[in-house]
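# Descriptive structure summary
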Amino acid sequence: METVVWSKPETERTGTPLLVMLHGYGTDETRMAQLFGALPPEFTCASLRGPKVIGDHYGWFLLDYFLTHDFADVVSATNAVFNWIEAAKARHSSVSLFGYSQGMAMASTLLRLRPEGFRAVVGLSGFVLDNELLAMSESFDVRPPFFWGRDKQDVVINDAATAHTAEWLHRNTQLTARSYPGMGHSISAAELVDVGAFLRHYVLR
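Summary of the structure given here.

What counts and how
Residues numbered from 1 in each chain as written. Predicted model: local features only at pLDDT ≥ 70, side-chain atom pairs only at ≥ 80, totals over all residues. Heavy atoms only, no water. Buried < 20%, exposed > 50% of the residue type's maximum accessible area, 1.4 Å probe, protein only. Helix = DSSP H or I, 4+ residues; strand = E, 2+ residues; numbered from the N terminus. Pairing = 2+ DSSP bridges. Axes fitted to C-alpha atoms, helices over the stretch in contact; angles between N-to-C directions. Parallel < 35°, antiparallel > 145°, perpendicular 65-115°, else oblique. Contact = heavy atoms within 4.5 Å. Expected span 1.5 Å × (residues − 1). Arc of directions from axis to C-beta. Right-handed = clockwise from strand over helix to strand, strands pointing away.

### Some points on the pairing of strand β6 (residues 95-100)
Within β6, six of the six residues are buried, leaving the element largely enclosed by the surrounding structure. In β6, alternate side chains face the same way, and those of Val95, Leu97 and Gly99 on one face and Ser96, Phe98 and Tyr100 on the other are all buried. When strand β2 (residues 18-22) meets β6, the two strands line up parallel, connected through five bridges. Looking across to β6, one finds that leucine 22 is bridged to glycine 99.

### Overview of the packing of helix α2 (residues 71-88) against helix α3 (residues 102-113)
Where α2 meets α3, the axes come as close as 10 Å, and the angle between the chain directions of the two elements is 75°. It follows that α2 is roughly perpendicular to α3 by the angle criterion. Between α2 and α3, the residues in contact are Val74, Ala77, Thr78, Val81 and Phe82 and Met106, Thr109, Leu110 and Leu113, respectively.

### Some thoughts on helix α5 (residues 159-172)
Helix length check: α5, at 14 residues, gives a terminal C-alpha distance of 20 Å against a target of 20 Å (1.5 Å per residue), a fit within 8%. Taken residue by residue, α5 has Ala161, Thr162, His164, Thr165, Trp168, Leu169 and Asn172 as its buried positions. The buried residues of α5 occupy an angular sector of 165° when projected down its axis, which confines them to one face. The outward face of α5, more than 90 degrees from its buried face, is lined by the exposed residues Asp159, Ala160 and His170.

### Some thoughts on unusual backbone geometry
With glycine set apart, most residues show a phi of negative sign, and most peptide bonds adopt trans. One non-glycine residue, serine 101, lies in positive phi territory at about 55°. Tracing the chain through its elements places serine 101 in the loop between β6 and α3. The exposure class assigned to serine 101 is buried, which follows from its relative accessible area of 9%. In this model, serine 125 sits at a positive phi of 50°, which is unusual for a non-glycine residue. Its place among the elements puts serine 125 in the loop between β7 (121-124) and α4 (132-137).

### Considering the sheet that holds β7
Taken in spatial order, the seven strands make up an open sheet running β1-β3-β2-β6-β7-β8-β9, and their pairing is mixed. The open sheet terminates on both sides in strands that have one partner only, identified here as β1 (4-6) and β9 (174-179). The average undirected angle you get between the axes of adjacent strands in this sheet is 15°. Direction of pairing for β2 relative to strand β3 (residues 44-48): parallel, over a ladder of five bridges. The partner of methionine 21 across the bridge, within β3, is serine 47. Contacting β2, β6, β7 and β8 (145-150), α3 crosses the sheet at an angle of about 150° to β6.

### Topic: the pairing of β8
Counting buried positions along β8 yields six of six residues, so the element is predominantly enclosed. Side chains of β8 alternate between two faces, with Pro145, Phe147 and Gly149 and Phe146, Trp148 and Arg150 buried alike. With four bridges connecting them, β7 and β8 associate as parallel partners. The residue bridging valine 122 from the neighbouring strand is phenylalanine 147, located in β8. Crossover connection from β7 via α4 to parallel β8: handedness right-handed. For the crossover from β8 across α5 to β9, the handedness is right-handed.

None of this, on its own, says anything about what the molecule does.
Laid out in structure tokens, this is it:
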């Protein structure tokens, strides 16, 4: 994680809750950094750049329309994010995750492997990986708070992936699910208002 955009200067981060933000496939850290101003100011937000070069942009692991993935790629990216979090978390009061599109797959994978490590997770217009090895490693003693926002007509995330995601989230998390008709595969202002309320309730109160 060599490239990170922060919402606060280093002198203002100590003691704040950390929100690690993970962008989608074929974009970069600036996409998530554009959302800083719409999120609760109490958070220190850190937008990370994915390690996989995708044309002129970046991702977390290679992906096709059917969301097929190489598990070794997923593990490599996940370990890189874990290492970054381990180095950063000591000065913060808690760590939460915010993932968009493929970034939601990353955020949920991080949660599956270390559910005790995160206060809350936000996943927007994305999916949870359908992977037997990940499923075998899951162990949730407590259901973590998870916000899932999407447009039900989003054609980027296929029906099978959406069905798996819904089943997994309902089974394993304390789920807040919201839909935003007409939003498509994007993030809306109304959605960010709901995300802010979710983070205030589960992290700041």
